[in-house]
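Working through the structure, step by step
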Amino acid sequence: QVQLVESGGGLVQPGGSLRLSCAASGSIFIINNMAWYRQAPGKERELVAGITSGGRTNYADSVKGRFTISRDSAKKTVTLQMNSLKSEDTAVYYCKADGIRSYAIPFNSWGQGTQVTVSS
């Protein structure tokens, strides 16, 4: 199986910064797309940022200019740098990846989630 493990969540004051990381492991041939989603209490899960194998990125309007997604394909990791954090950013953040496992087996996996709390 392909496992995704997030790290870097925690408590931060408004205006502060936080960096989330996600590492993939397993019998992976290639990872096509990686993304960060978040889900706040009482709200549906939403896409925060995504990045393709070619490096194309997209962001939710609410985080443009504040968040940056990047990846290291060789290390099978994706990072979300979050700056100028607001209370509205408080949520559980999930890492997502899709691609191909060994022997042409496709995968679409989610991490366990990491809590980000922005509060004074």
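Notes on the structure in this doc start here. (Residues numbered from 1 in each chain as written. Predicted model: local features only at pLDDT ≥ 70, side-chain atom pairs only at ≥ 80, totals over all residues. Heavy atoms only, no water.)

A few points about the environment of Val12
By the secondary structure assignment, Val12 is in strand 2 (residues 10-12). If we skip the residues at most four places from it in the chain, Val12 touches Ser17, Leu85, Thr117, Val118 and Ser119. (Helix = DSSP H or I, 4+ residues; strand = E, 2+ residues; numbered from the N terminus. Contact = heavy atoms within 4.5 Å.)

Topic: the pairing of strand 8 (residues 77-82)
One ladder, built from six bridges, connects strand 3 (residues 18-25) with strand 8; its direction is antiparallel. The partner of Arg19 across the bridge, within strand 8, is Gln81. For strand 7 (residues 67-72) and strand 8, the ladder comprises six bridges, and the chain directions are antiparallel. In the strand pairing of strand 8, Asp72 is matched with Thr77. (Pairing = 2+ DSSP bridges.)

Brief notes about the nonpolar core
One finds Trp36, Val48, Phe67, Val78, Leu80, Met82 and Tyr93 to be the most contacted residues of the largest nonpolar core, which totals 30 residues. For this core, the elements supplying multiple residues, two or more each, are strand 3, strand 4 (28-39), strand 5 (46-52), strand 7, strand 8, strand 9 (91-101) and strand 11 (114-118). Sequence-distant contacts of Met82, that is, excluding residues within four places in its chain, are made with Gly16, Ser17, Leu18, Leu20, Arg66, Phe67, Tyr93 and Val116. (Core = buried A, V, L, I, M, F, W, Y, C linked by side-chain atoms within 4.5 Å. Buried < 20%, exposed > 50% of the residue type's maximum accessible area, 1.4 Å probe, protein only.)

Some remarks on the state of the cysteines
Within this structure, the stated rule accounts for one disulfide. At a sulfur-sulfur separation of 2.1 Å, the disulfide partner of Cys22 is Cys95. The sign of the -85 degrees torsion about the S-S bond sets the Cys22-Cys95 disulfide as left-handed. Here the residue Cys22 occupies a position in strand 3, and Cys95 occupies one in strand 9, the gap between them amounting to 73 residues. (Disulfide = S-S within 2.5 Å.)

Quick look at the pattern of salt bridges
Where charged atoms from two side chains of opposite charge come close, those side chains can pair. In total, this model carries four salt bridges according to the counting rule given. Of the charged contacts, one joins Asp89 and Arg38 as a salt bridge, the two residues approaching to 2.9 Å between their closest N and O atoms. Separated by 51 residues along the polypeptide, Asp89 in the loop between strand 8 and strand 9 and Arg38 in strand 4 bring together distant segments of the chain. Look at Asp89 and you get buried, because its relative accessible area is 1%. Asp89 is the salt-bridge partner of Arg66, the closest N and O atoms lying 2.8 Å from each other. (Salt bridge = Lys/Arg side-chain N within 4 Å of Asp/Glu carboxyl O.)

Brief notes about the side chain of Thr79
Here Thr79 shows up in strand 8. Excluding residues that lie within four positions of it along the chain, Thr79 makes contacts with Arg19, Leu20, Ser21, Trp36, Thr68, Ile69 and Ser70.

Note that every value here comes from positions in space, so none of it alone points to a role or purpose.
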